[in-house]
Number of protein chains: 2
Amino acid sequence: MADWQEITGGVTAPKGYRAAGITAGLKPSGLPDLALIVSDIEAIAAGVFTTSQVKAACVDYCRQRLQAKQGARAILCNAGQANAATGSQGVHDADESAELLAKELNISPELILLASTGVIGQRIKMDALRSGIPKLVASLSETGSDAAAGAIITTDLVTKSIALETTISDASGGLRQRPVRIGGIAKGSGMIHPNMATMLAFVTCDAAVSPHLWQQMLSRAADKSFNSITVDGDTSTNDSLIALANGQSRTPAITEMGAEAEKLEAMLTAVCQHLAKAIARDGEGATCLIEVQVTGTHDDLSARQIAKTIAGSSLVKSAIFGRDPNWGRIAAAAGRAGVPFEQDNLQIKLGDFLLLENSQPLQFDRAAASAYLKQAATDYPVVDLVATNNSNDLSGDVQGQAAARLRSNIKTQRLDNPVIIAVSVGNGHGTGKAWGCDLSYDYVKINAEYTT
Amino acid sequence: MADWQEITGGVTAPKGYRAAGITAGLKPSGLPDLALIVSDIEAIAAGVFTTSQVKAACVDYCRQRLQAKQGARAILCNAGQANAATGSQGVHDADESAELLAKELNISPELILLASTGVIGQRIKMDALRSGIPKLVASLSETGSDAAAGAIITTDLVTKSIALETTISDASGGLRQRPVRIGGIAKGSGMIHPNMATMLAFVTCDAAVSPHLWQQMLSRAADKSFNSITVDGDTSTNDSLIALANGQSRTPAITEMGAEAEKLEAMLTAVCQHLAKAIARDGEGATCLIEVQVTGTHDDLSARQIAKTIAGSSLVKSAIFGRDPNWGRIAAAAGRAGVPFEQDNLQIKLGDFLLLENSQPLQFDRAAASAYLKQAATDYPVVDLVATNNSNDLSGDVQGQAAARLRSNIKTQRLDNPVIIAVSVGNGHGTGKAWGCDLSYDYVKINAEYTT
């Protein structure tokens, strides 16, 4: 049983946060493209960033800022240009963005963190940014989360948002409980033409946590969420997860692991997992969410490694798209994950269907298993971005517009009926999960630009 | 300049080898399904096998045989059933296959190596095998390579075969040269429904080489060929490369590295690379071969790792299919390969088009670059295997039949016009190559079975 409840409000659900999202003119389409999250007071800040050797200017900027000072007041995010592979000019643009916002907020530029998403090799449109920032700050509101969530997306078909609330003891060992909230927004649907890279997630929390512990919690939560999803295995130049904790819940500071810290970390992990699953489900051309559960390894890391290999296998993904209960591909993916196990112990379940036990295939109702796969495919509209594509448009914005049109057809994104692949490889106590999506014609369609 | 010439004859081009391929009735389709390669005398044998934790019975069988004795007279290969995930019965079937052949050849079963390809979870049809083996042995011929090459394929659209000849000094330091030959056949086109797994390659050589050195040469050649191709990143349960060297060229035994050994290893590597490229080009739904060349790393291994990551990127592969000179995806893939480099040093070329230098995008003729990508797509027929698919047929044989029909339309497989992606990441001396193919609609089509 989860120790928390879902609430509304996204990143502005926790106390002491405001957010905004506006159209600054960075995207040619006139869609929202500039987002801001501000904490009323300086918050503890933690971050997890792309491991790629090719990094956007904002990633280097944030790493340096957080190394110097693990605190922040604001996160500024632009969509349209990735500001990656833009050299020293890109670094200068990032610095200027922070200075402009700092002036408008009347705070030090050191308290500002940055994120960008869009086309690799393109500088941020600084003129639009300069004139947009005052408007952005003027739009800040305690109900601004949805606007911010809408301004960070590119080709996403849905905005991604969540907020959870739990209670923390008012004083050490005390019986009185006070509410604590964590909210989050995210963007990402794999990588998409032309280089609309990047997974971004911003998390806010009103608990008081020590900087070192908050970073540890975030890193572990990222491993169990954003680092456990795969759309196509491609890591972007701009991937960033930033989390603020501002203590405005007025609960006692959590400075070491213990019952309250575990409670908070579990809720942080749940927020990250929700956003991660939403990204996986929104994978390009995907028709369903896939959850792989692995047990029986020596440790959790090994289990997660097997789970990710299965979730990332093109063969498994295309079999699921074809509603084909193809255990052989699952077994083959498990076998090549780089984790030693006795193949005689291998067990594979698809939903409630036991397909393989002790490495021996079992008889099962193939039609029923296929029907199980079929029910997981919810009525996401078929993506037809390429039909509206214009090969001379290098901004990726045409696809963004097409995505925007599709968005209006999606009322809710269902994350509660994934295809569940459960694999056991032995008697160890390690467990791990990973999430992904199926591989459809539309993935290829979206990612193969027709210049002819 | 290569130090060898191409000759005809495949695995029977080297002296002292015979081969055969027949229809034994293992595949329901009546297509050839049983192959045999025999050396007149006991040959030195080396092997490289799947690293998967889930292995076919034949893989365990060969590993044990070669550990006990690095010599062999024959390689028996069946197509149709993978004999993987078949438990102790599968082990028994493998042993019986070797014993049956040994009796027919009148040799010890210890001199027989085995390979299987086909459906995971299915036992070899032993009745068909038993009645087929006498016929197979009776068909052995010094021109039997093509028959063998045709009997090991499953959904491949072309058979894969090569033979090269060079000369080796007649005596140590002697001026008289004698011809030495290496031949090879292979199968593989990625993995395919339902679990038509497996890359197989069999190499014959008539040089005399010491066992330890032959294994070393083969392992290195495998790293530069079969381990440097990627179709979909999925490693099979049955992947096997077996190489025999029988000394029938009557050249002096090569027992340590030196000029003659290097010459032989270079030719062995060329044979393996030809077969590996042929497999990559025959990837499911592929329209072109992609060669990635990486330079400037600290060591060769790092270069190969970057090359493989680029060649395996779904985003790069679908961009190539779309004839889109998308350097951003190439940069992103290079960046996430796990090899540290200074991103400022990154340079990317596509054919003759320099796209990125010092991590800065350059102006280039986009239409011409797209035309370059287009010319690499030769006129392989479009694969339409699924149209003929029957969801109740779990043998994969229906697709094998469809593939057979297509084969007749392919006169030659062009390997001489790959799309070349050249990436430099610094000033190091490391170099490496990898090969792959593009990702097309047909990949998804072939791999997504429609059970509905």
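Before reading further, recall that the structure is shown in the block above.
Within each chain, residues carry numbers counting from 1 in the order of the written sequence. Just so you know, chain letters begin at A and ligand numbers begin at 1, following the order they were written in. The model is predicted, so local features are restricted to residues of pLDDT at least 70 and side-chain atom pairs to those at 80 or more, both for listing and for counting; the totals for chains, interfaces and linings are taken over all residues. With hydrogens and water set aside, each side-chain value is computed from the structure's full complement of heavy atoms.

Draft legend 1. Representation of the overall build of chain A in the model. Along its length, chain A carries 12 helices and 16 strands. For chain A, the proportion of its 452 residues judged to be buried stands at 63%. It only takes one pair of heavy atoms within 4.5 Å for two residues to be counted as in contact. Within chain A, contacts between residues separated by at least 24 positions form 80% of all contacts whose residues are at least 6 apart in sequence. Here the accessible surface of atoms and residues is derived via Shrake-Rupley with a 1.4 Å probe, and residues count as covered only by protein chains that are part of the display. For chain A, the exposed area adds up to about 15,800 Å²; of that, 48% sits on carbon and sulfur atoms. For the purposes of this entry, the term helix denotes a DSSP run of H or I that reaches at least four residues, the term strand denotes a run of E that reaches at least two, and both are numbered from the N terminus. Categorising residues by exposure relies on relative accessible area from a 1.4 Å probe, with only protein chains included: less than 20% of the type maximum marks a residue as buried, more than 50% marks it as exposed, and the intermediate range marks it as partly exposed.

Draft legend 2. Spatial organisation of helix H1 (residues 57–68) of chain B. Residues and elements named next belong to chain B. Helix span, as expected, comes to 1.5 Å for every residue beyond the first. With 12 residues, H1 should cover 16 Å at 1.5 Å per step; its first-to-last C-alpha distance of 17 Å lies within 8% of that length. Listing the buried residues of H1 in full gives Ala57, Cys58, Val59, Tyr61, Cys62 and Leu66. Packed against the buried residues of H1 are strand S3 (34–49), helix H2 (87–105), strand S5 (112–119) and strand S10 (240–245).

Draft legend 3. Region of the structure containing unusual backbone geometry. Even without glycine at this site, A:Asn83 takes up a positive phi of about 55°. Residue placement: A:Asn83 occurs in the loop between strand S4 (71–81) and helix H2 (87–105).

Draft legend 4. Summary view of the packing of helix H8 (residues 314–321) of chain A against helix H9 (residues 327–335) of chain A. Residues and elements named next belong to chain A. Lines are fitted to the C-alpha atoms to define the axes, a helix being fitted only along its stretch in contact, and any angle between axes, read from their N-to-C directions, falls within 0 to 180 degrees. In contact at an axis separation of 9 Å, H8 and H9 are set at 155° when each is read in the N-to-C sense. Here H8 lies roughly antiparallel to H9, going by the angle between them. Viewed along their axes, H8 and H9 form a crossing whose handedness is left-handed. Listed contacts from H9 to Leu315, Val316, Ser318 and Ala319 of H8 are Arg329, Ile330 and Ala333. Roughly parallel here means an angle under 35 degrees, roughly antiparallel means over 145, roughly perpendicular means 65 to 115, and every remaining angle is called oblique. Helix crossings are classified by the rotation of the near helix relative to the far one: an anticlockwise turn of less than a right angle makes the crossing left-handed, while a clockwise turn makes it right-handed.

Draft legend 5. Fine view of the sheet that holds strand S9 (residues 229–230) of chain A. Residues and elements named next belong to chain A. Pairing between two strands is assigned when DSSP locates at least 2 bridges connecting them. One open sheet holds the seven strands; their spatial order is S9-S16-S11-S15-S12-S13-S14, and the pairing between them is mixed. Strand pairing shows two members of the sheet lacking a second neighbour, S9 and strand S14 (360–361), which therefore form its edges. Pairing between strand S12 (residues 347–350) and strand S15 (residues 419–424): four bridges, direction antiparallel. Among the inter-strand pairings, Lys349 is bridged to a residue of S15, identified as Ala422. On the sheet, helix H6 (residues 259–281) packs against S9, strand S11 (289–297) and strand S16 (430–437) and is oriented at approximately 40° with respect to S16.

Draft legend 6. Representation of the pairing of strand S6 (residues 160–169) of chain A within the structure. All names here are of chain A. Burial within S6 is extensive, with eight of its 10 residues counted as buried. Inspection of the sheet shows strand S1 (residues 5–6) paired to S6 by two bridges, in the antiparallel sense. Each residue of the ladder has a partner; that of Gln5, found in S6, is Glu165. Of the strand pairs in this sheet, S6 and strand S7 (residues 177–187) are connected by 10 bridges, and their pairing is antiparallel. From the neighbouring strand, Thr167 faces S7, where its bridge partner is Pro179.

Draft legend 7. Just the sheet that holds strand S15 (residues 419–424) of chain B, in detail. Residues and elements named next belong to chain B. Pairing within the open sheet is mixed, and its seven strands lie in the order S9-S16-S11-S15-S12-S13-S14. In this open sheet, the two edge strands, each paired with only one partner strand, are strand S9 (229–230) and strand S14 (360–361). Here strand S13 (residues 353–357) pairs with S14 via two bridges, running antiparallel. Bridge pairing in S14 links Leu356 to Pro361. Relative to the sheet, helix H6 (residues 259–281) contacts S9, strand S11 (289–297) and strand S16 (430–437), its axis offset from that of S16 by approximately 40°.

Draft legend 8. Representation of the packing of aromatic side chains in the model. Residues and elements named next belong to chain A. Only Phe, Tyr and Trp rings are paired, with Trp represented by its six-membered ring, and only when their centres lie within 6.5 Å; those with planes under 30 degrees apart are stacked, over 60 edge-to-face, the remainder tilted. Throughout the structure, instances matching the rule amount to two aromatic pairs over all chains. Taken together, a centroid distance of 6.4 Å and an interplanar angle of 55° make the contact between Phe353 and Tyr372 tilted. In this pair, Phe353 sits in strand S13 (residues 353–357) while Tyr372 sits in helix H10 (residues 366–375), placing the two residues 19 residues apart along the sequence.

Draft legend 9. Structural context of the environment of A:Ser139. Looking at where A:Ser139 falls in the secondary structure, it is placed in the loop between helix H3 (126–138) and helix H4 (145–151). Beyond its immediate chain neighbours, meaning those up to four positions away, A:Ser139 contacts A:Ala19, A:Ala20 and A:Ile22.

Draft legend 10. Focus on the pairing of strand S8 (residues 200–205) of chain B. All names here are of chain B. Most of S8 is tucked away, with six of its six residues classed as buried. Of the two faces of S8, both are covered, the one formed by Leu200, Phe202 and Thr204 as well as the one formed by Ala201, Val203 and Cys205. Bridging between strand S7 (residues 177–187) and S8 involves six bridges; their strand directions are antiparallel. The partner of Ile185 across the bridge, within S8, is Phe202. In this structure, S8 lies alongside S10, joined through six bridges in parallel fashion. Bridge pairing in S10 links Val203 to Ala243.

Draft legend 11. Examining the environment of B:Thr287 more closely. Residue and element names in this part refer to chain B. Structurally, Thr287 is set in the loop between H6 and S11. Among all residues touching Thr287, those that are not within four sequence positions of it are Arg281, Phe321, Arg323, Ala376, Ala377, Thr378 and Asp438. Counting of polar contacts relies on pairs of N or O atoms within 3.5 Å, with two restrictions inside protein: one atom must be capable of donating a hydrogen and the other of accepting it, and residues adjacent in sequence are counted only when both atoms are side-chain atoms. A distance of 2.4 Å separates polar atoms of two side chains, one belonging to Thr287 and the other to Asp438.

Draft legend 12. Examining the pattern of salt bridges more closely. A carboxyl oxygen of Asp or Glu within 4 Å of a side-chain nitrogen of Lys or Arg is what we treat as a salt bridge. Inspection of the entire model under this criterion finds 32 salt bridges over all chains. The shortest N-O distance in the salt bridge between B:Arg18 and B:Asp40 comes to 3.6 Å. Of the two residues, B:Arg18 is situated in strand S2 (residues 17–22) and B:Asp40 in strand S3; the sequence distance between them amounts to 22 residues. Where B:Asp127 meets B:Arg130, a salt bridge forms, and the shortest distance between an N and an O atom there is 2.8 Å. Residue B:Asp127 and its partner B:Arg130 are located together in helix H3 (residues 126–138), separated by three residues, close to a single helical turn. Within this structure, A:Glu96, A:Asp127 and A:Arg130 form a network of salt bridges that share partners.

Draft legend 13. Summary view of the packing of helix H5 (residues 211–223) of chain A against H6(A). All names here are of chain A. Look at H5 against H6: their axes get within 9 Å of each other, and the N-to-C directions meet at 45°. Accordingly, the angle class assigned to the pair H5 and H6 is oblique. Classified by chirality, the crossing of H6 by H5 is right-handed. Judged by residue contacts, Leu213, Trp214, Met217, Leu218, Arg220 and Ala221 of H5 engage Ala261, Leu264, Glu265, Leu268, Thr269 and Cys272 from H6. Residue composition of the contact of H5 with H6, by class: nine nonpolar, one polar and two charged. Polarity classes work like this: nonpolar for Ala, Val, Leu, Ile, Met, Phe, Trp, Tyr, Cys and Pro, charged for Asp, Glu, Lys and Arg, and polar for all others, with Gly in that last group.

Draft legend 14. Main features of the side chain of A:Ser302. All names here are of chain A. Mapping Ser302 onto the fold places it in helix H7 (residues 300–312). At 2.6 Å, the side chain of Ser302 forms a polar contact with the side chain of Asp299. Those residues in contact with Ser302 that sit more than four places away from it in its chain are Thr297 and Val339.

Draft legend 15. Representation of the environment of A:Leu114 within the structure. Residue and element names in this part refer to chain A. On the secondary structure map, Leu114 appears in strand S5 (residues 112–119). The class of Leu114 is buried, set by a relative accessible area of 6%. Along the primary structure Leu114 and Cys58 are separated by 56 residues, whereas in three dimensions their C-alpha atoms are 5.5 Å apart. Ignoring anything within four residues of it in the chain, the contact list for Leu114 reads Cys58, Tyr61, Cys62, Leu76, Ala94, Ser97, Ala98 and Ile242.

Draft legend 16. Structural view of the side chain of B:Ser424. When you line up the elements, B:Ser424 lands in strand S15. With sequence-adjacent residues up to four places away left out, B:Ser424 is seen in contact with B:Thr295, B:Asn345, B:Leu346 and B:Gln347.

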